[in-house]
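An overview of the molecular structure
Chain by chain, the residues run as shown.
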Amino acid sequence: MNVERQNQDTLYQMEFNFDTPLGEVRPHGSGEGANPTAAPSREQQAFAAWKEELNWEERILENIAHRYNLELACQRVKSNKGAPGVDGMTVEELGRWLNTHMAELREQLLNGSYQPQEVKGVSIPKPNGGRRQLGIPTAIDRLVQQAFVQVLTPMLDPQMSESSYGFRPKRSAHQALKAGSAYVEQGYTVAVDLDLEKFFDKVNHDILMSRLAQRIKDKRVLYYIRQMLKAGMMDNEGIKQKREQGTPQGGPLSPLLANVLLDDLDRELENRGLHFCRYADDCIIFVRTIEAGERVLTSISRYIEDELKLKVNQQKSKVDKVWNCVYLGYIIGVEGKLRIAPASVKKLKSKVRLITRRNRPTPLREVIAELIPVIRGWTNYFKLAAINRLCQELDEWTRRKLRCLRLKQCKHPKGLRHFLESIGCKRKLWSGMAAMGTRWWRMACSQPANICMDNAWLRAEGYISFYQLLKR
């Protein structure tokens, strides 16, 4: 019970300020004019009392349906944003809806009348080909799922394997990569790269519910999870499809349910004494020889298909030297050194090309503001590899893309002259650029462009370089 309490306390780290709009929460003692040494307010005392009263064994649904939990769930759903479901309600409207229907929603949850709506089916392309099926719940159903996650995670997460890193508190892909790198350093240089075919679409409901029933005593919670799993999917043409299996990606509850089911796989691998890292359905096992890897792939594939009723993609699963495999966008090289997979650079460049395409009429500052989160996210994720030189190369290429976009927006030599004069470019420089006509890409790397639209000018427009973010 103490372990569960500690995990629960790490989850609910915010106190509610009831003078702010619904869903906005502030850390205890924060806010304008707050005094960190002041005694807790009445609302903060009530929040703390609720946490102490939580019954993690039998009254789980009461905890889920508690006002504080629903308000926190609303705030998190709003911060995650996302597209509307089949009812068209946006997450921006969710706070106002909960203000009006809080009592009604709590009553429905507690008396068993709450019924999840169909999810909105959306198919998106995968980076390596094929399509990925998403199921987007309504904003209200996302709120309820998030409320379930906030209470169930502190109960279920401590029971999971230490080698599972995906969608868990205080765990990350970086930890999985560091663990894999350590295994390679120890001599486990052969990888068994497991690929589960359409995992989220193939989850067996009965097996998943049996695993949940072993961990959750409140049968009302199990009933609602079953209802969420069975909720139909509505396609773009408004046709409803029944779902007898799968937990489509798109809802807050799906990652937690996936981890519960795949925890069986983790325990099987641990019982066999194998070293592995799993991030959601992306699992890699480390062995010393190709022969051992082939045996592990055969036996584990049989276990997955017989016990979990999932399918291993034999075409994509493989046994090979670890540096011939891509894991979470990286390649684990000799002696465990991490480097970026070429496909990860290619994917980044595709995003940059889309944002900086030349036919955009968007002002350059807005384009850069859209680009910076991509650069920051990519740099933060791939900083485990030695990417100093790569970042410098990407900066040169990206700056040229931005210069090309701005020059193309001038449309013709006269507009180009006015723009260059406006940024202080001398006549002898802009006249040489104007002579290039409309060869914008060539013009963007010319000496006059590099002088007139230098790095300082781009920084003034808001550009932050890959290299600069890497060194922060």
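Whatever comes next refers back to the structure up there.
All values derive from a computational prediction rather than experimental measurement.

The pairing of strands in a sheet happens through backbone hydrogen bonds and is either parallel or antiparallel. As summarised here, the arrangement of the 4 strands in space is β4-β3-β6-β7, forming an open sheet in which the pairing is mixed. Of all strands in the sheet, those with a lone pairing partner are β4 (131-136) and β7 (240-241), marking the two edges. In this structure, strand β3 (residues 119-125) lies alongside β4, joined through 6 bridges in antiparallel fashion. Within the sheet, the bridge partner assigned to Gly-121 lies in β4 and is Gly-135.

All chains considered together, the criterion is met by 15 salt bridges. Salt-bridge contacts for Arg-67 lead to Glu-71; the nearest nitrogen and oxygen are separated by 3.3 Å. One end of the pair is Arg-67 and the other is Glu-71, both in helix α4 (residues 67-80) and 4 residues apart, which spans about a single turn. Exposure remark for Arg-67: the relative accessible area of 35% places this residue in the partly exposed category. Between Asp-218 and Arg-220 there is a salt bridge, and its shortest N-O distance comes to 2.9 Å. Taking relative accessible area as the criterion, Asp-218 reaches 4% and is therefore assigned buried. The exposure class of Arg-220 is partly exposed, given its relative accessible area of 32%. Among the ionic contacts, a cluster of salt bridges with common partners joins Arg-215, Asp-263, Arg-267 and Glu-270.

Positioned with a positive phi, Lys-81 is a non-glycine residue whose angle comes to about 60°. Residue placement: Lys-81 occurs in the loop between α4 and α5 (94-111). You will see that Glu-335, though not glycine, has its phi angle at about 60°, which is positive. Residue class for Glu-335 comes out exposed when judged on its relative accessible area of 57%.

Conventions we followed
Residues numbered from 1 in each chain as written. Predicted model: local features only at pLDDT ≥ 70, side-chain atom pairs only at ≥ 80, totals over all residues. Heavy atoms only, no water. Pairing = 2+ DSSP bridges. Helix = DSSP H or I, 4+ residues; strand = E, 2+ residues; numbered from the N terminus. Salt bridge = Lys/Arg side-chain N within 4 Å of Asp/Glu carboxyl O. Buried < 20%, exposed > 50% of the residue type's maximum accessible area, 1.4 Å probe, protein only.

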